[in-house]
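So the chains spell out like this:
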Amino acid sequence: MPETLSSPAPAKVNLVLEVTGRRADGYHEIDTVLHTLALADTVTLRLEPRPLAPGVPRVRVTGPFAAGCPTGESNLAWRAAAHLAAALGRDPAGLSIELDKQIPAAAGLGGGASDAATALHLASQIWPEARDDVLLDAANATGSDEAFFLAGGAARATGRGDHVTSLPPLPAHGVVLFVPPFTIERKTARMFEALGHLPFDPGGVARAFATRPPACFRSEDVYNAFERVAFDLFPALAGLWQDLERRTSRAVRLAGAGPTLFWIGPGAERESVARAARGAACTVIATCTAESQWRR
Ligand code: C5P
């Protein structure tokens, strides 16, 4: 009998994202505060007792944001599972993954990294010798945000994003995501490259947040270093940003490496913000911060 396991894989927003320097390995030093959202993909892992027949896809993607999400062995969830199998000496020949994409892909919301971490979490239930340190290594071999998603909730991440310290989650906040109909190839790498022409952040904002996590947080409190270069890479974003702030009478901010914009604030304001944005040239998704760490 095949083993089949499913789990939600939540989206995230960065409440603080400082880029403090360039590293010798080509990555950048960051200091960031991340928070998972209620919006989530569903990851289903299936292990057949024998290898999949030739031509049977390793990764199947369904759901409203399936378009643009890689299928096959370049998919981050598959890559994470393959890293784990290699570390454990397990054969992944009978493994397949299904992703129900509710999180827009390549939008700055961490969907791919979250799917990857969730695939690791599920694989560790099938392969019980996968201890936390092995999962962390497989997460970091896959990408920089994956370590955060192993636990989710709220956390400060430093280094290239791989040193994660959990924080108390915010009390429930409303979040409205504004997802533009465009993105670009190699987006995250290009955003970091674009910052190379500017002074790096002095640091201190994420540390201050972590030292005294606020009970109440609004879009105006967000700091995101990528906002300084977002219009260079996404020229059409400037008009959308202005239009959203005019329609909603609220500040909206860049989510991660973009191009999604978002509002965060009191839950009671969420529906009116989402309603006011209707008609803007983007997909509007109303959600909220996840109230607890979801795995531990
Ligand atoms: O780690 P991930 O694959 O998500 O990152 C994509 C790209 O973004 C990296 O190849 C690198 O160019 C850039 N990056 C960086 N510094 C980080 C994280 C990512 O320069 N801390």
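Residues numbered from 1 in each chain as written. Predicted model: local features only at pLDDT ≥ 70, side-chain atom pairs only at ≥ 80, totals over all residues. Heavy atoms only, no water.

1. A word on unusual backbone geometry
Move 1: For the bond from glycine 258 to proline 259, the omega torsion is 0°, close enough to zero to count as cis.
Move 2: Counting through the fold element by element, proline 259 comes out in the loop between β9 (253-254) and β10 (261-265).
Move 3: Backbone geometry places alanine 106, a non-glycine residue, at a positive phi of 55°. (Helix = DSSP H or I, 4+ residues; strand = E, 2+ residues; numbered from the N terminus.)

2. Thoughts on the sheet that holds strand β7 (residues 174-179)
Move 1: Strand order in the open sheet formed by four strands is β9-β10-β7-β11, with antiparallel pairing between adjacent strands. Every other strand in the sheet has two partners, leaving β9 and β11 (283-288) as the edge strands with one partner each.
Move 2: Bridge count between β9 and β10: two bridges; the pairing is antiparallel. Note that in β10 the partner of leucine 254 across the bridge is leucine 261.
Move 3: In the packing of helix α8 (residues 237-248) onto the sheet, contacts are made with β7, β9 and β10, and the angle to β10 comes to roughly 30°. (Pairing = 2+ DSSP bridges. Contact = heavy atoms within 4.5 Å. Axes fitted to C-alpha atoms, helices over the stretch in contact; angles between N-to-C directions.)

3. Re the nonpolar core
Move 1: Grouped together as the largest cluster of nonpolar side chains are 37 residues, with contacts concentrated most on Leu45, Leu84, Ile97, Leu99, Leu120 and Trp127.
Move 2: Listing elements by their share of this core, those giving two or more residues are β2 (28-47), β3 (59-62), α1 (76-88), β4 (95-100), α2 (111-126), α3 (132-142), α4 (146-151) and β5 (154-158).
Move 3: Considering every element that reaches this core, the biggest residue donor is α2, with eight residues.
Move 4: Not counting the four nearest positions on each side in its chain, leucine 99 is found in contact with Thr42, Val43, Val59, Arg60, Val61, Thr62, Cys69, Asn75, Ala77 and Asp115.
Move 5: Counting 29 residues, the second-largest nonpolar core is a separate cluster that includes Ile30, Phe226, Leu244 and Trp263. (Core = buried A, V, L, I, M, F, W, Y, C linked by side-chain atoms within 4.5 Å. Buried < 20%, exposed > 50% of the residue type's maximum accessible area, 1.4 Å probe, protein only.)

4. What about the pattern of salt bridges?
Move 1: In the structure shown here, the tally under the stated rule is 18 salt bridges.
Move 2: With its nearest N and O atoms 2.5 Å apart, the salt bridge here joins aspartate 41 to lysine 101. Remark: lysine 101 occurs in the loop between β4 and α2 and aspartate 41 occurs in strand β2; sequence separation between them is 60 residues.
Move 3: With relative accessibility at 0%, the residue aspartate 41 sits in the buried group.
Move 4: Glutamate 271 serves as the salt-bridge partner of arginine 270, at 3.0 Å between the closest nitrogen and oxygen. (Salt bridge = Lys/Arg side-chain N within 4 Å of Asp/Glu carboxyl O.)

5. A closer look at helix α9 (residues 270-277)
For the α-helix, the turn length of 3.6 residues means that residues three or four positions removed from each other point alike.
Move 1: For α9, the full list of buried residues reads Val273, Ala274 and Ala277. End-on view of α9: buried residues confined to an arc of 95°, all on one side of the axis.
Move 2: Buried-residue contacts for α9 involve β7, α8, β10 and β11.
Move 3: Remark: glycine 279 follows α9 within two positions and exhibits a positive phi of approximately 100°. (Arc of directions from axis to C-beta.)

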